[in-house]
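# Fold and contact review
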Amino acid sequence: LESISTEVYNAFFVDLFVRASNQLAISMYEKFGYVRYRRVLGYYSGDDPEDAFDMRKALPRDKNKESVVPLDHPIRPEDLEW
């Protein structure tokens, strides 16, 4: 994912979504250099709705890591940009 995002798309960052309760996955991604960028309220729906963390990792194009500065407020799924 990181290679394609860098080499093909020249992206500033890569991101992924993790259940807020999944501490094992959050810790693993943090070890890979991802940060908790923002909380997305009610991202996972169904019988057991749950928030997610949008975790981001800056790529070489973002030399100052501006794309991964955490937001100070949560957002809703409808506010996500795809």
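Our subject in this report is the structure included herewith. (Residues numbered from 1 in each chain as written. Predicted model: local features only at pLDDT ≥ 70, side-chain atom pairs only at ≥ 80, totals over all residues. Heavy atoms only, no water.)

Attention now moves to the pairing of strand β3 (residues 50-58). For β3, a buried count of 8 out of 9 residues is recorded, marking the element as mostly surrounded by other parts of the structure. In this structure, strand β1 (residues 13-19) lies alongside β3, joined through 7 bridges in antiparallel fashion. Bridge pairing links Val14 to Lys57 in β3. As judged from the 6 bridges shared by strand β2 (residues 35-44) and β3, these two strands associate in the antiparallel manner. In the strand pairing of β3, Arg38 is matched with Asp54. Where β2 hands over to β3, the hairpin turn is made up of 5 residues, of which Gly46 adopts a positive phi near 115°. (Buried < 20%, exposed > 50% of the residue type's maximum accessible area, 1.4 Å probe, protein only. Helix = DSSP H or I, 4+ residues; strand = E, 2+ residues; numbered from the N terminus. Pairing = 2+ DSSP bridges.)

Here Asn10, not a glycine, exhibits a phi torsion of approximately 50°, which is positive. Within the secondary structure, Asn10 sits in the loop between α1 (2-7) and β1. For Lys65, which is not glycine, the phi torsion reads 55° and is therefore positive.

Turning to the sheet that holds β2, a few remarks are in order. Strand order in this open sheet of 3 strands is β1-β3-β2, and the pairing throughout is antiparallel. Of all the strands in the sheet, just β1 and β2 have a single pairing partner and so form its edges. Averaged over neighbouring strand pairs, the angle between their axes works out to 25° when direction is ignored. Relative to the sheet, helix α2 (residues 23-31) contacts β1, β2 and β3, its axis offset from that of β1 by approximately 160°. (Axes fitted to C-alpha atoms, helices over the stretch in contact; angles between N-to-C directions. Contact = heavy atoms within 4.5 Å.)

Let's shift gears to the environment of Ile26. Here Ile26 shows up in helix α2. Take Ile26: its relative accessible area is 0%, and that puts it in the buried class. Residues contacting Ile26, with those up to four places away along its chain left out, are Val18, Arg19, Ala20, Arg36, Phe53 and Met55.

Let us look at the nonpolar core. Judged by nonpolar contacts, Ala11, Val14, Leu16, Val18, Ala25, Ile26, Tyr34, Phe53, Met55 and Leu59 together constitute the single largest core of 10 residues. The element that contributes the greatest number of residues to this core is β1, accounting for 3 residues. Setting aside its immediate chain neighbours within four residues, Ala11 contacts Ser5, Leu59 and Arg61. Phe17, Ala52, Ile75 and Leu80 belong to the second largest nonpolar core, which has 5 residues in total. (Core = buried A, V, L, I, M, F, W, Y, C linked by side-chain atoms within 4.5 Å.)

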